[in-house]
Amino acid sequence: QLQLTESGGGLVQAGGSLRLSCAASARTFSWYAMGWFRQAPGKEREFVAAISWNGRNTNYADSVKGRFTISRDNAKNTVYLQMNSLKPEDTAVYYCASDDLRYGSGTRYREYEYRYWGQGTQVTVSS
């Protein structure tokens, strides 16, 4: 079983930046594609970004393209989400998750395709 722990959330002004981290408990982390999702108050959880198991392929939701960057360091069992040019509508709880299949290409974006989830970290962007 893979345990995931997010960190790096907080309060930031619009236009600012934050870097989220997600640390995994096991070295098997490197076998799996990883994703970031978010859930705003009163809304369903939505896909943000994903990265392949080897870091060579990334995918983003249209709403964050050009502003967010997902990356990973398999030696540190950690995946990151660099968020720039933040907007109030980016306010949400952000979750990292591991793909259900080994050696995924990072193209999957549906919640049910991800097996293990972190507890989430709050990001609040003030206007």
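The paragraphs below set out a description of the structure included in this document. These figures come from a predicted structure and were not determined experimentally.

### Overview of the state of the cysteines
Under the criterion given, the structure shown has 1 disulfide. Cys22 shares a disulfide with Cys96; S-S distance 1.9 Å. Here the S-S torsion is close to 50 degrees, and the disulfide linking Cys22 with Cys96 is therefore right-handed. Of this pair, Cys22 sits in strand 3 (residues 18-24) while Cys96 sits in strand 9 (residues 92-102), placing them 74 residues apart in sequence. For the pair Cys22 and Cys96, one class covers both residues: buried.

### Notes on the packing of aromatic side chains
In the structure shown here, the tally under the stated rule is 7 aromatic pairs. Measuring from centroid to centroid gives 5.0 Å for Trp53 and Tyr103, while their planes differ by 75 degrees, and the two rings are edge-to-face. Separated by 50 residues along the polypeptide, Trp53 in the loop between strand 5 (46-51) and strand 6 (58-60) and Tyr103 in the loop between strand 9 and strand 10 (114-117) bring together distant segments of the chain. If you follow Arg45 out to its NZ or CZ, it ends over the ring of Tyr95, 4.7 Å from the centre. The side chain of Arg45 reaches across the aromatic face of Trp117, ending 4.0 Å from its centre.

### A word on empty space enclosed by the protein
As enumerated under the stated definition, the model contains 1 cavity of 30 Å³ or more in all. Roughly 30 Å³ of internal volume is contained in the largest cavity. Along the walls of the largest cavity sit Tyr32, Ser98, Asp99, Asp100, Arg115 and Tyr116, which together make up its complete lining. Listing elements by their share of the lining of the largest cavity, those giving two or more residues are strand 9 and strand 10. When residues of the lining of the largest cavity are assigned to their parent elements, the largest contribution, 3 residues, is made by strand 9. In terms of residue class, the lining of the largest cavity is built from 2 nonpolar, 1 polar and 3 charged.

### Some remarks on the pairing of strand 7 (residues 68-73)
Taking every second residue as pointing to the same face, the buried face of strand 7 carries Phe68, Ile70 and Arg72, while none of Thr69, Ser71 and Asp73 on the other face is buried. Sheet topology places strand 7 next to strand 8 (residues 78-83); 6 bridges connect them, and they run antiparallel. Bridging across to strand 8, Arg72 finds its partner in Val79. Connecting strand 7 to the antiparallel partner strand 8 that follows it, the hairpin turn spans 4 residues, and Asn77 within it adopts a positive phi of roughly 55 degrees.

Definitions and limits used
- Residues numbered from 1 in each chain as written.
- Predicted model: local features only at pLDDT ≥ 70, side-chain atom pairs only at ≥ 80, totals over all residues.
- Heavy atoms only, no water.
- Disulfide = S-S within 2.5 Å.
- Helix = DSSP H or I, 4+ residues; strand = E, 2+ residues; numbered from the N terminus.
- Buried < 20%, exposed > 50% of the residue type's maximum accessible area, 1.4 Å probe, protein only.
- Phe/Tyr/Trp six-rings, centres within 6.5 Å; stacked < 30°, edge-to-face > 60°.
- Lys NZ or Arg CZ within 6 Å of the ring centre and 35° of its normal.
- 1 Å grid on protein atoms, 1.4 Å probe; cavity = no way out; pocket = protein on both sides within 12 Å on 5 of 7 lines; lining within 4 Å.
- Points joined across faces, edges and corners; volume = space filled by probe spheres on them.
- Nonpolar A, V, L, I, M, F, W, Y, C, P; charged D, E, K, R; others polar.
- Pairing = 2+ DSSP bridges.

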